[in-house]
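Structure at a glance
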Amino acid sequence: MGKPTRVTNRIRALRFAADEMTQADLADKVGVTRQTVIAIEQGRYSPSLEMAFQIARAFDVPLDDVFQYPKEK
């Protein structure tokens, strides 16, 4: 597998803030497998732009509240 993405996310924290939403619940909301949610949450996979928006919408927050990309030094 390739190197991990530099994109970070707050999916785990947002799931717990949303009545402890499970990874399976989030996967159902955005139409992917639980394994895909796990890979995104752990930073092993970057979602498509469309999926990123769907994830943000599932939590009813702006995209940059879910995903962050580090600034260049």
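Structure: above.
Residues numbered from 1 in each chain as written. Predicted model: local features only at pLDDT ≥ 70, side-chain atom pairs only at ≥ 80, totals over all residues. Heavy atoms only, no water.

**Some remarks on the environment of Ala56**
Note the cut-off: In this text, helices come from DSSP runs of H or I with a minimum length of four residues, and strands from runs of E with a minimum of two, each type numbered from the N-terminal end. Exposure classes here rest on a 1.4 Å probe applied to the protein chains alone. A residue is buried below 20% of its type maximum, exposed above 50%, and partly exposed in between. Only heavy atoms matter for contacts: two residues are in contact if any of them lie within 4.5 Å across the pair.
Among the structural elements, Ala56 can be located in helix 4 (residues 49-59). Owing to a relative accessible area of 2%, Ala56 belongs among the buried residues under this scheme. Along the primary structure Ala56 and Phe67 are separated by 11 residues, whereas in three dimensions their C-alpha atoms are 8.6 Å apart. Ala56 has contacts with Val61, Pro62, Leu63 and Val66, leaving out every residue within four places of it along the chain.

**What to know about helix 2 (residues 23-30)**
Short version of the rule: What the arc covers is the set of directions going from the helix axis to the C-beta atoms.
Regarding helix 2, the residues found buried are Gln23, Leu26, Ala27 and Val30. Looking straight down helix 2, one finds that the buried residues subtend no more than 100 degrees of arc, so they occupy a single side. Opposite the buried face of helix 2, at more than 90 degrees from it, the exposed residues are Asp28 and Lys29. Looking at the buried residues of helix 2, the elements they touch are helix 1 (11-17), helix 3 (34-41) and helix 4. Once helix 2 ends, the next one or two residues include Gly31, with phi positive near 80 degrees.

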